[in-house]
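# A closer look at the structure
Listed below, chain by chain, are the residues.
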Amino acid sequence: MKRKSRRHSTGFGYIGFGNNQTTFNQKTSTPFSVYKEKLDLEAHLHYEMHFMHKNLTKEYKQKIKDKIRRQERKLLIRTSVISLFVFMGVAYFAYYLINQILSH
């Protein structure tokens, strides 16, 4: 009695696979949950870390939100100032070029 095989002919499937027989016959990859469990175990053994979520108080959540808002505001101000200086430099360069062209 012959065993059923998973082998497909090379003419089977999407041409983008390159018609390689190995593409059709490969095994599925290991699910992410297995790797997640291994990572948790290794981190706990070596670094004594737990990847557990804890319930945060409202005050602590508000502190986190305020910190994020301050960081975003600081980044916005920094970006605005840098953009202003770059724009002023480009505008001055354009003004200089226009004056040079019109003076000749």
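Residues numbered from 1 in each chain as written. Predicted model: local features only at pLDDT ≥ 70, side-chain atom pairs only at ≥ 80, totals over all residues. Heavy atoms only, no water.

### Looking at the overall build of the chain
What counts, and what does not: Going along the chain from the N terminus, every DSSP run of H or I of four or more residues is numbered as a helix, and every run of E of two or more is numbered as a strand. Categorising residues by exposure relies on relative accessible area from a 1.4 Å probe, with only protein chains included: less than 20% of the type maximum marks a residue as buried, more than 50% marks it as exposed, and the intermediate range marks it as partly exposed. All accessible areas in this document rest on Shrake-Rupley with a 1.4 Å probe, and a residue is counted as covered only by the protein chains that are shown.
A tally of regular secondary structure across the chain gives three helices and zero strands. Each helix and strand of the chain, placed in order from N terminus to C terminus, yields the pattern α-α-α. When the 104 residues of the chain are sorted by exposure, 3% land in the buried category. Accessible surface for the chain amounts to roughly 10800 Å². Of this, 62% is attributable to carbon and sulfur atoms.

### A short note on the confidence of the model for the chain
Here is the rule: Confidence of the prediction at every residue is given by pLDDT, a number between 0 and 100.
On average, residues of the chain carry a pLDDT of 76, and 58% of them reach 70 or more. Here helix α1 (residues 21–25) stands out as the least confident element of the chain, with mean pLDDT 60; helix α3 (residues 58–103) is the most confident, with 94.

### Details of the pattern of salt bridges
Stated formally: Take a side-chain nitrogen of Lys or Arg and a carboxyl oxygen of Asp or Glu: if they are within 4 Å of each other, that pair is a salt bridge.
For the structure on display, the rule yields one salt bridge. Arg-69 serves as the salt-bridge partner of Asp-66, at 3.6 Å between the closest nitrogen and oxygen. Taken as a pair, Asp-66 and Arg-69 lie in helix α3 at a separation of three residues, close to a single helical turn. Exposure remark for Asp-66: the relative accessible area of 30% places this residue in the partly exposed category.

### Quick word on a nonpolar patch on the surface
Rules: Residues enter patches when they are more than 30% accessible in relative terms and free of salt bridges; like-charged ones are connected within 9 Å and nonpolar ones (Val, Leu, Ile, Met, Phe, Trp, Tyr) within 5 Å.
The grouping of Ile-77, Val-81, Leu-84, Phe-85, Phe-87 and Met-88 at the surface amounts to a nonpolar patch, some 640 Å² of accessible area in total. The topology assignment puts Leu-84 in helix α3. Given a relative accessible area of 47%, Leu-84 falls into the partly exposed group.

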